[in-house]
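Tertiary structure, described
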Amino acid sequence: MPSDDFDPADMRGHSENDHGESEPLSLHLSTVASRCAGFAEALGCKDEGWACGLLHDLGKLGQPGQRRIKHGKGRGVDHWSFGAHRLLTRYGTEGVAAAMCILAHHQGLGRLDEDDLNDLWRLDPWRERVKANHHTFSEVTTPQADAWLAAGNLLLPEAFRSVYPWSRISAKEQAAVMADIRMLFSALVDADFLETEAHFKATAPGKRYERPPSPSLQPEQALEAVLRYIETCRRNSKATEHVVRMRDDLLAACRAAASNPQGIFTLSAPTGTGKTLAMLAFALEHAARHSLRRIVLVVPYLSIIEQTARIYREIFEPKDAEDAGFGPHYILEHHSLTVGPSEEKDDEENDRLATARLLAENWDAPVIITTSVQFFESLFSNRSSACRKLHRLARSVVLFDEVQTFPKELAIPTLATLGHLAERHGCTTVFATATQPAFVQFDSHVKQIGGPGWRPREIVPCELDFFNRAKRTAVHWPAANERISWTALGEQLAGHDRVLCIVNLKRHAMKLVELLNDEVGGTSLYHLSTNLCPAHRERVLADVRDRLDDRSAEPCRLIATQCVEAGVDLDFPTVYRAMGPLEAIAQAAGRCNRNGRQTQGNVHVFQPDPGGDGESKSNLYPPGGYAQAAEQTEGLLKVAADGRIDIDDPAAFARYYGLLYQLGNFMKTEIIEAIKDLDFEEVAKLYRLIDRRAVNLVVPYDRELFDSLRAQAQEGGLSGEWIRRARPLAVSVYGPAERVAGFAEPVPLPERGGWRRGRDQGDVSDEWFFLLDDDGEYYDRKLLGLKELPSVCGWIA
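Quantities reported herein were computed from a predicted structural model and do not represent experimental measurements. (Residues numbered from 1 in each chain as written. Predicted model: local features only at pLDDT ≥ 70, side-chain atom pairs only at ≥ 80, totals over all residues. Heavy atoms only, no water.)

**Observations regarding the overall build of the chain**
Under the convention used in this document: Only runs of H or I of at least four residues qualify as helices and only runs of E of at least two qualify as strands under DSSP, and these elements are numbered from the N terminus. The quantity called the radius of gyration is restricted to C-alpha atoms. Its globule counterpart is 2.2 Å times the number of residues to the power 0.38. Exposure categories follow from relative accessible area, calculated using a 1.4 Å probe and restricted to protein chains: below 20% of the type maximum is buried, above 50% is exposed, and the middle band is partly exposed. The contact rule is simple, with two residues in contact once any of their heavy atoms fall within 4.5 Å. Each accessible area is a Shrake-Rupley result for a 1.4 Å probe, and residues are judged covered by the shown protein chains and nothing else. Charge assignment in this entry is limited to Lys and Arg as positive and Asp and Glu as negative, and neither His nor the chain termini are counted. Charge positions are represented by NZ for Lys, CZ for Arg, CG for Asp and CD for Glu.
Helices and strands together make up the secondary structure of the chain, namely 30 helices and 23 strands. Against the compact-globule benchmark of 28 Å for 797 residues, the chain has a radius of gyration of 28 Å, which places it among compact chains. Dimensions of the chain along its principal axes, counting C-alpha atoms only, are 90 × 60 × 55 Å. Counting the 797 residues in the chain, one finds 58% classified as buried. Relative to all contacts within the chain whose residues are 6 or more apart in sequence, the contacts with residues 24 or more apart total 78%. For the chain, the accessible area works out to roughly 32,400 Å², and carbon and sulfur atoms hold 47% of it. Between the mean site of the 92 positive side-chain charges and the mean site of the 113 negative ones, the chain shows a separation of 2 Å.

Written out as structure tokens, the structure reads:
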């Protein structure tokens, strides 16, 4: 219950910083309110943002809150519920969204439950809940709180229009409700983080810390830089004039489409037509026309993100330019391979990297490059650290590259949320790929959970006839029931000087590599799969590109898994592709005669013969949706009149996706039920793009870095900074940690805590081990990467 000896003087919001200064509660509430209102203005709910920020820590007025701040006494003090209660009693049902955000700013968004809100409104039942959860409820009386706010001139708005009023919450527009509450939650927690940081990182007595300001987008000037870069590429291109004309046409189409109103777009164009730069030009011209704030590029794989980031940096942060381009933090990379400060770097570089790490916390930069995992799992998260960046998506352009990789099981909630962000928050979205999924078939399903539907506008006009013009390959399909053994396939590959072969499983790639190594040996054979750590893969790709660019060089034979299919710029005259999903076969064809330098490239689709190795047909594909998609391709091929599928015909993909999407009842999944139940925590748990049931094995590909990481781990244990350094040497091993027992040692946890197992690192698991391999028995630095370990027999899929 509220204390009778409430003393309004000397109310503190935070304990002392390094300069011995505590922060007055009135200062903390007012600065958070001001910053939250500024963020919420872009969401159309500035006054609600102010009220949310002003009341978020109101419970600190109570004695338990003050004892905790002033004397460090008392654990589990609930200082957030009282502010949420006051917001509800002041604004009624209009305050529901803000009250939920206040309740969640320390513990995460939970389930929006009307009974819970009623208990919070009445307060007595809520006090009992707090007590049952072993927390102490910190509060004062409502008149005391109101008088204290008034005395400090901390004024609440008379009324506000909520980001999502109760009338629409009760209308069961679930996906839209959850998206808007997350956006307001993002504004609150980011404001709270920033103002708390300003106090505790004060640079001198009485001088609060201020983050370095980020540059603005400057879309007109940035577009000029992109066009200059495209012209330079055009002059230096090794592509034929026919390919160059297609790239010019795509750029023109993107610039013309940029004048359209904001909304949802698709960009469907063949591989090799310059989508990366053309859609960036679209984004900048669109941003200039609609006064948008930032551009976010989302790519599916870590294996291609550095290639794209390198292009962006060459445009906007050129190292050899007389000026500084658009500034050192114009581009922000946010993914698990991003490096941080270290002893090996100079002070200037470490300062730059430290600032970039701060900006990545809330995406305070004009151009963001991130992964699908980081983007989408933040978009559906319920945690403050993951959600704090989301308000930056308002009035922006988000580009999704290689969208064919997106799992269909998550399509409906994703499309509903993106559609609402476009409609309500001015977040233009572009889905770019050569093999556009037929997500329009989910239009009615999207509407059923509160989205606006899914009817995107295509950027590329039909009259450009890109797919017919882009035919640079002949696809040779297997005859009915035609199978080929790995030995026979190896012999065929050995007959080509320059050839790429893509298989569905890592063990198939290793088998072929071993066969070809016996057949051709030398330095002409390369292998690329996720058995290689990222640093190893990067070196292989660089070597392969050098070989392909030098027409007089030695032969180049690359055996790979699907990791080369999305966004990896390779150009082979001949490609072999194991039977698989139709979009995968088309993507493989995009690595063949990419620049049109041959009259015709050749793509050979083959069916491996499982019989010779004791493998059943069901084990020829990765499990789940991949196998289903491959079987649909086989089915289409069987009924094709001429025994072939035209991968350059968009209608073929429409048929393929139509059949594929009929295989599952996507409205009866657990995540759809959690959305209908407005359960933020359950949605966050269920929305997963990758399998977290894996351990990270740090391999000695770079012995110097490996030894440095071991020494650092022994001294300080696992940390976020250590993980960022370790990523280039990490290989994911799926299954429990016991699978690497005997061949690896665990990375120790820090002695003083500060790290929790289960902490989300954005792209993979957080279980880390060092591979004990001094003599190269388990990791082949030349060709194979991680080999099959005796204790994990069968893990290499």
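**Comments concerning empty space enclosed by the protein**
Our working rule: A pocket here means an open set of points on a 1 Å grid, computed over the protein atoms alone, that has protein on both sides within 12 Å along at least five of seven lines. A cavity is instead a set of points where a 1.4 Å probe fits but cannot get out; residues with an atom within 4 Å of a point line either one. Grid points are joined across faces, edges and corners, and a volume is the space filled by probe spheres set on the points. Residue polarity follows a fixed list, in which Ala, Val, Leu, Ile, Met, Phe, Trp, Tyr, Cys and Pro are nonpolar, Asp, Glu, Lys and Arg are charged, and the others, Gly among them, are polar.
What the rule picks out here adds up to three cavities of 30 Å³ or more. The wall of the largest cavity is formed by 16 residues, among which Pro270, Thr271, Ala586, Ala589 and Asp648 lie closest to the centre. The residue inventory of the lining of the largest cavity, partitioned by class, reads nine nonpolar, four polar and three charged.

**Side note on unusual backbone geometry**
The phi torsion of most residues other than glycine is negative, and most of the peptide bonds are trans. In this structure, leucine 123 takes a positive phi of about 75° despite not being glycine. Relative to the elements of secondary structure, leucine 123 occurs in the loop between helix 6 (114-122) and helix 7 (124-132).

**Topic: the sheet that holds strand 7 (residues 331-334)**
Quick note on the threshold: In this analysis, strands are considered paired if DSSP registers two or more bridges between them. A fitted line through C-alpha atoms represents every axis, and for helices the fit uses only the stretch in contact; the resulting angles, taken between N-to-C directions, go from 0 to 180 degrees.
If you walk across this open sheet you meet the seven strands as 7-8-6-9-10-5-11, and the pairing is parallel. Only two strands of the sheet have a single neighbouring strand rather than two, namely strand 7 and strand 11 (457-458). In this sheet, strand 8 (residues 367-371) lies alongside strand 7 in parallel orientation, the contact comprising four bridges. Looking at strand 8, one finds that glutamate 333 is bridged to isoleucine 369. The sheet strands contacting helix 16 (residues 372-379) are strand 6 (294-299), strand 7, strand 8 and strand 9 (396-401), and the helix crosses strand 8 at an angle near 95°. Lying over the sheet, helix 18 (residues 411-425) contacts strand 5 (264-268), strand 9 and strand 10 (427-433), oriented at roughly 135° with respect to strand 10.

**Focus on the pairing of strand 15 (residues 556-560)**
Here strand 15 lies mainly inside the structure; five of its five residues are buried. Every second residue of strand 15 is oriented toward a common face, with Cys556, Leu558 and Ala560 on one face and Arg557 and Ile559 on the other, all of them buried. Strand direction decides the pairing type here: strand 13 (residues 498-502) and strand 15, joined by five bridges, are parallel. The residue of strand 15 that forms the bridge with leucine 500 is leucine 558. When strand 14 (residues 525-528) meets strand 15, the two strands line up parallel, connected through four bridges. Considered in strand 15, the bridge of leucine 528 is made with alanine 560.

**Things to note about helix 4 (residues 81-91)**
Most of helix 4 sits out of view: nine of its eleven residues are buried. Of the positions making up helix 4, those classed as buried are Ser81, Phe82, Gly83, Ala84, His85, Arg86, Leu87, Leu88 and Tyr91. Two residues or fewer past helix 4, glycine 92 is found with a positive phi of approximately 65°.

**Topic: the sheet that holds strand 13**
Read across the open sheet, the six strands follow the order 12-17-16-13-15-14; overall the sheet is parallel. The sheet terminates laterally at strand 12 (473-476) and strand 14, the two strands that pair on one side only. If you compare each strand with its neighbour and ignore which way they point, the axes differ by 15° on average. Pairing between strand 13 and strand 16 (residues 574-578): three bridges, direction parallel. Each residue of the ladder has a partner; that of leucine 500, found in strand 16, is valine 575. Helix-sheet contacts for helix 22 (residues 506-519) involve strand 13, strand 14 and strand 15, and the interaxial angle to strand 14 is about 170°.

**Side note on the pattern of salt bridges**
As a reminder, the rule being used: Salt bridge, as used here, is a side-chain nitrogen of Lys or Arg placed within 4 Å of a carboxyl oxygen of Asp or Glu.
Counting across every chain of the model gives 42 salt bridges. Here arginine 122 and aspartate 119 are joined by a salt bridge, their closest N and O atoms 2.8 Å apart. Pair noted here: arginine 122 and aspartate 119 are both in helix 6, with a separation of three residues, about one helical turn. Look at arginine 122 and you get exposed, because its relative accessible area is 56%. One salt bridge connects arginine 129 with aspartate 119, and the closest N-O pair in it is separated by 2.8 Å. With a gap of ten residues between them, arginine 129 in helix 7 and aspartate 119 in helix 6 connect regions that are remote in the sequence. For arginine 129, a relative accessible area of 32% corresponds to the partly exposed category. Accessibility expressed as a relative area gives 13% for aspartate 119, which makes it buried. Members of the salt-bridge network, linked through shared partners, are Asp190, Glu197, Arg211, Glu361, Asp364, Arg388 and Arg392.

**Here's the deal with helix 16**
Think of an α-helix as turning once every 3.6 residues; residues three or four places apart then point the same way. In terms of residue burial, helix 16 counts as a mostly covered element, since eight of its eight residues are buried. Among all positions in helix 16, only Ser372, Val373, Gln374, Phe375, Phe376, Glu377, Ser378 and Leu379 are buried.

**What about the pairing of strand 17 (residues 601-606)?**
As paired elements, strand 12 and strand 17 share four bridges and run parallel to each other. Paired with histidine 476 across the bridge in strand 17 is histidine 604. Two strands pair when backbone bridges link them, and strand 16 and strand 17 are joined in this way by five bridges, in the parallel orientation. Each residue of the ladder has a partner; that of threonine 574, found in strand 17, is asparagine 602.

**Thoughts on the nonpolar core**
Keep this limit in mind: Nonpolar cores were defined as sets of buried Ala, Val, Leu, Ile, Met, Phe, Trp, Tyr and Cys residues, with membership established by side-chain atoms within 4.5 Å.
Phe316, Phe375, Leu393, Trp477 and Trp722 are the most contacted members of the largest nonpolar core, which has 239 residues in total. Broken down by element, this core gets its largest block of residues, 13 residues, from helix 10 (residues 174-200). In this view, tryptophan 477 contacts Met579, Leu582, Ile585, Val605, Thr633, Leu637, Gly643, Arg644, Ile645 and Ile647; residues no more than four positions away in its chain are not counted. Grouped together as the second largest cluster of nonpolar side chains are 20 residues, Leu489, Ala494, Val503 and Phe606 included.

**Let's talk about the environment of isoleucine 311**
Looking at the secondary structure, you find isoleucine 311 in helix 14 (residues 302-316). Relative accessible area serves as the criterion here: at 16%, isoleucine 311 is assigned to the buried category. Not counting the four nearest positions on each side in its chain, isoleucine 311 is found in contact with Tyr229 and Leu277.

**Topic: a negative patch on the surface**
As a reminder, the rule being used: Like charges within 9 Å and nonpolar side chains (Val, Leu, Ile, Met, Phe, Trp, Tyr) within 5 Å are joined into patches, using only residues over 30% in relative accessible area that form no salt bridge.
Residues Glu491, Glu514, Asp518 and Glu519 make up a contiguous surface patch of negative charge. You can see glutamate 491 is positioned in helix 21 (residues 486-494).

**Looking at the packing of helix 24 (residues 582-589) against helix 26 (residues 650-661)**
Look at helix 24 against helix 26: their axes get within 10 Å of each other, and the N-to-C directions meet at 145°. Contacts between helix 24 and helix 26 involve Leu582, Glu583 and Ala586 from the first element and Ala652, Phe653, Tyr656 and Tyr657 from the second. Grouping the amino acids of the contact of helix 24 with helix 26 by side-chain chemistry returns six nonpolar, no polar and one charged.

**Observations concerning the environment of aspartate 124**
For clarity, the cut-off: Polar contacts here mean pairs of N or O atoms no more than 3.5 Å apart (in protein, one a potential hydrogen donor and the other a potential acceptor; neighbouring residues in sequence count only if both atoms are side-chain atoms).
Assignment of secondary structure puts aspartate 124 in helix 7. Using a relative accessible area of 46% as the deciding quantity, one classes aspartate 124 as partly exposed. Separated by 552 residues in sequence, aspartate 124 and lysine 676 have C-alpha atoms that sit 29 Å apart. In terms of polar contacts, aspartate 124 uses its side chain to reach the side chain of arginine 127, at 2.3 Å.

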